[in-house]
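Structural features, examined
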Amino acid sequence: MKLWGGRFEKGVNSLVNDFNSSIRVDSRMYKEDILGSLAHVKMLGQQNIIPKEDSIKIVSGLETILKRIENGVIKIDESSEDIHSFIEGTLTYYIGDEGKKLHTGRSRNDQVTLDTKLYLKSVLKDLGNDIVSLQEVIYQKANDNINTIMPGYTHMQKAQPITFAHHLLAYSEMFKRDLGRIFDCYKRLDQMPLGSGALATSTYKLDRHMIAKDLGFASLTSNSLDSVSDRDYAIEALSTLSMIMMHLSRFSEEIILWATNEFSFIELSDEYSTGSSIMPQKKNPDVAELVRGKTGRVYGDLITLLTVMKGLPLAYNKDMQEDKEALFDALDTTSISLKTFTGMLDTMKINKDTMKKGASHGFTNATDVADYLVKKGLAFRSAHEIVGEIVLYCIKEDIAIDDLSLDEFNSFSPIFEEDIYSAIDLVNCVEERKVFGGPSSSSVKIQLDLLLESIKNTKEDLKCLK
């Protein structure tokens, strides 16, 4: 069923019909379309815009259609132009001409943005829960590795000793920010557009507040032109999804490195690895690699919609039909990436001894030697120069700083005493970094408590989203 056609003498070319159709993409919004229609037709009856008995009959028909789609009795016909025309056509088939009154006082322009917003509200809530599940795994892994020493890096060069817990908790902070962006996006999304019509509202006495309350929206959109032409909410969602994927991709890159023979910091479960068709020894981190690869795909979805919208005049333009394909692809990709990554992280084995061994090479305690000298009264710049000379000497001799004798230390400065060995012990190097946010066990425990509190609060906040 087409929702238009009276002024056309010829039917649409079949190729144009396929090109114009969006039902393969928007059919997933059948539930949202029906829920929006239910709220709309109840309002029409309440306002006596259509007879109440017709409103009741349409409500009953829509509820029946929803049940029958969900239990598989009704199959969505992909020859329809879009999900909106399919639902209305099915309704008219079921209840008769009363079904033709459903579209009174609305346009597909405000209907489609309503459906998309309803769908996006639901999926953003699900994504929030997916991130919380990942945070819970991060919490558990970090809690189990408070004292697992590993090398920290800058420029991919060993820098200073930290702990695996400290490293994991850095990612928990990224995902906290992602959750904040989800809530921010949801807040701006939570405005009800129905009643805006094609662009200029309606001559009917529509009660938009009634519809908003029925559908759980916090407020109404304020300008009908903006209501039907706005896709900021979809772009903001895509931006948020891109950030989530970027964080997952960074994490994936580290996991890929850690799983190499050269690092051997971790071992991935067989359940989250694949083999080679030719090399029997291979165990490939395909999940992490796919997450890394799919990040570009989500970025592309964001650029797609930004490009679609950049030159559009007010109000609605058919270009906007391209919003859902990009949005749904990014939502699906991010959702499966989060879920699969969480399982991979949860089943990952940590090689604690190898991590600590890695921290004992590469002069990760050089800064602590400089700090030792400063605490003995030397200016930091002078201490920095002395330690640079020590490192150069150790490189030439192929030894670690820890291997130097006290006489060798004193050849660089008479300030060194026997307590230098305690100062450069890796455990002490970590534990002395008690500054808030640092890698010491006391600081990490505070970070763990904050993460646990954040997880608890986020779960409650997600429950409040309608």
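Residues numbered from 1 in each chain as written. Predicted model: local features only at pLDDT ≥ 70, side-chain atom pairs only at ≥ 80, totals over all residues. Heavy atoms only, no water.

The name an unreviewed UniProt entry gives the chain is Argininosuccinate lyase, with Clostridium tertium as the organism. Its UniProt record, at the heading Sequence similarities (unreviewed entry), says of the chain: "Belongs to the lyase 1 family. Argininosuccinate lyase subfamily." UniProt lists a comment for the chain under the heading Subcellular location (unreviewed entry), and it reads "Cytoplasm". (UniProt positions renumbered as here; feature names shortened; annotations may be inferred.)

This paragraph deals with empty space enclosed by the protein. Taken as a whole and judged by the stated rule, the model has 1 cavity of 30 Å³ or more. If you go around the largest cavity, the residues you meet are Ala-359, Ser-360, Phe-363, Thr-364, Asn-365, Ala-400, Ile-401, Asp-402 and Leu-426. Looking at side-chain class alone, the lining of the largest cavity contains 5 nonpolar, 3 polar and 1 charged residues. (1 Å grid on protein atoms, 1.4 Å probe; cavity = no way out; pocket = protein on both sides within 12 Å on 5 of 7 lines; lining within 4 Å. Points joined across faces, edges and corners; volume = space filled by probe spheres on them. Nonpolar A, V, L, I, M, F, W, Y, C, P; charged D, E, K, R; others polar.)

Bringing a nonpolar patch on the surface into the picture now. A cluster of nonpolar residues, Val-435, Phe-436, Ile-446 and Leu-450, forms a patch on the protein surface that exposes about 410 Å² of accessible area. Mapped onto the elements, Val-435 comes out in the loop between α18 (426–431) and α19 (441–464). With a relative accessible area of 65%, Val-435 lands in the exposed category. (Patch = residues over 30% accessible without salt bridge, like charges linked within 9 Å, V, L, I, M, F, W, Y side chains within 5 Å. Areas by Shrake-Rupley, 256 points an atom, 1.4 Å probe, with all protein chains shown as cover. Salt bridge = Lys/Arg side-chain N within 4 Å of Asp/Glu carboxyl O. Helix = DSSP H or I, 4+ residues; strand = E, 2+ residues; numbered from the N terminus. Buried < 20%, exposed > 50% of the residue type's maximum accessible area, 1.4 Å probe, protein only.)

Here the focus is the side chain of Thr-221. Within the element layout of this structure, Thr-221 appears in the loop between β4 (219–220) and α9 (224–229). In terms of polar contacts, Thr-221 uses its side chain to reach the side chain of Arg-208, at 2.8 Å. When sequence neighbours within four positions are dropped, the list of residues in contact with Thr-221 reads Lys-117, Gln-191, Met-192, Pro-193, Ser-196, Arg-208 and Ser-227. (Polar contact = N/O pair within 3.5 Å; in protein donor to acceptor, adjacent residues only side chain to side chain. Contact = heavy atoms within 4.5 Å.)

This part covers the packing of helix α6 (residues 108–143) against helix α7 (residues 164–189). Each pair of packed helices gets described by two things: the angle between the helix axes and the distance between those axes. Their axes nearest at 10 Å, the elements α6 and α7 cross at an angle of 165°. Relative to α7, α6 is oriented roughly antiparallel. The handedness of the crossing between α6 and α7 is left-handed. Residue classes in the contact of α6 with α7 are distributed as 18 nonpolar, 3 polar and 5 charged. (Axes fitted to C-alpha atoms, helices over the stretch in contact; angles between N-to-C directions. Parallel < 35°, antiparallel > 145°, perpendicular 65-115°, else oblique. Left-handed = near helix turned anticlockwise from the far one by under 90°.)

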